[in-house]
Amino acid sequence: MNTPAAIHPVQAVEHLSAYTVIDVRTPGEFAAGHLPGAHNIPLDHLGAALPALKAATRCKLLMVCASGARSATACAQLADADIPATTLTGGTDAWIEQGHPVDRDDTAKAAWAMERQVRFAAGSLVVAGLALGTRYRPARWLSAAIGGGLVFSALTNTCGMAAVLAKLPHNQSRTTDLDATLRALGQ
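Just so you know, these numbers come straight off a predicted model, no measurement behind them.

Calculation notes
- Residues numbered from 1 in each chain as written.
- Predicted model: local features only at pLDDT ≥ 70, side-chain atom pairs only at ≥ 80, totals over all residues.
- Heavy atoms only, no water.
- Helix = DSSP H or I, 4+ residues; strand = E, 2+ residues; numbered from the N terminus.
- Buried < 20%, exposed > 50% of the residue type's maximum accessible area, 1.4 Å probe, protein only.
- Areas by Shrake-Rupley, 256 points an atom, 1.4 Å probe, with all protein chains shown as cover.
- Contact = heavy atoms within 4.5 Å.
- Salt bridge = Lys/Arg side-chain N within 4 Å of Asp/Glu carboxyl O.
- Axes fitted to C-alpha atoms, helices over the stretch in contact; angles between N-to-C directions.
- Parallel < 35°, antiparallel > 145°, perpendicular 65-115°, else oblique.
- Left-handed = near helix turned anticlockwise from the far one by under 90°.
- Nonpolar A, V, L, I, M, F, W, Y, C, P; charged D, E, K, R; others polar.
- Pairing = 2+ DSSP bridges.

> Would you explain the overall build of the chain in this entry?
The helix and strand inventory of the chain stands at nine helices and five strands. Across the 187 residues of the chain, 40% fall into the buried class. For the chain, the exposed surface amounts to about 10200 Å²; the carbon and sulfur share of it is 60%.

Here it is, written out as structure tokens:
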């Protein structure tokens, strides 16, 4: 996988009007806080949005997620479709940390950031595997499997647990109207 073009929040805030900002997080994460003017196209819907994104390249595309990992994956998918895009280094976490403004959907209950959900789920499963392992020794393999999955996740820059957690109801607190987003991109 090629390294996508990247821009730091300090640079992005200076040139934000030159970008069409696409946030690839879940609708719940997007509602909790996103860059001003961002459009929400969750990573698992990116394939359906490719024609509209190709048409929207009259402005540069800035792909955003919480930390930069999912937006880098999105940039790679776009590059495969010959659509140039830039990722925001550090994602919205870095953007907020540096004091830049975010828009929030105050009507929706904010979901935890996906990385926090993954840490909670992985940690809980490891502890459960160890606790159950005191009575039923094979249960320790659960902890080993989660540890192995985390290593694989780090090596491949993917996260199967995040993909599963993204489908849970609390991450769907607000649905993405993909058609409306795509129409807005076409204007």
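> How should I be thinking about the environment of S71 in this particular structure?
Mapped onto the elements of the fold, S71 is located in helix α4 (residues 69-80). The class for S71 is buried, based on a relative accessible area of 0%. C-alpha of S71 to C-alpha of T86: the two residues are 15 residues apart in sequence and 8.5 Å apart in space. Those residues in contact with S71 that lie beyond four places of it in its chain are V24, M63, V64, C65, T87 and L88.

> Please explain the pattern of salt bridges as it appears in this structure.
If the charged atoms of two oppositely charged side chains come close together, the side chains can form a pair. In the structure shown here, the tally under the stated rule is three salt bridges. A salt bridge links R25 to D23; the nearest nitrogen and oxygen atoms lie 2.8 Å apart. Here R25 falls in the buried class, since its relative accessible area comes to 5%. Overall, the relative accessible area of 0% leaves D23 in the buried class. Close ionic contact of K167 with D44 constitutes a salt bridge, the shortest N to O distance being 3.5 Å. Of this pair, K167 sits in the loop between α8 (160-165) and α9 (178-186) while D44 sits in the loop between β3 (39-40) and α3 (46-55), and the two are 123 residues apart along the sequence.

> Just checking my understanding: could you explain the packing of helix α6 (residues 114-133) against helix α7 (residues 140-156) for this structure?
Packed helices, taken two at a time, are described by their axes: the angle between them and the distance between them. One can describe the packing of α6 onto α7 by two numbers: an axis separation of 6 Å at closest approach and a directional angle of 155°. The angle between α6 and α7 falls in the class roughly antiparallel. α7 is crossed by α6, and the crossing has left-handed handedness. Two secondary-structure elements touch here, α6 through A122, L125, V126, G129, L130 and G133 and α7 through R140, L142, S143, I146 and L150. Looking at the contact of α6 with α7, its residues break down into seven nonpolar, three polar and one charged.

> Would you mind going over the sheet that holds strand β1 (residues 5-7) with me for this structure?
One open sheet accounts for five strands, arranged β1-β5-β4-β2-β3; its pairing is parallel. In this open sheet, the two strands that pair with only one neighbour each are β1 and β3. Sheet strands touched by α4: β4 (60-64) and β5 (85-88). Its angle to β5, the strand with the most contacts, is close to 175°.

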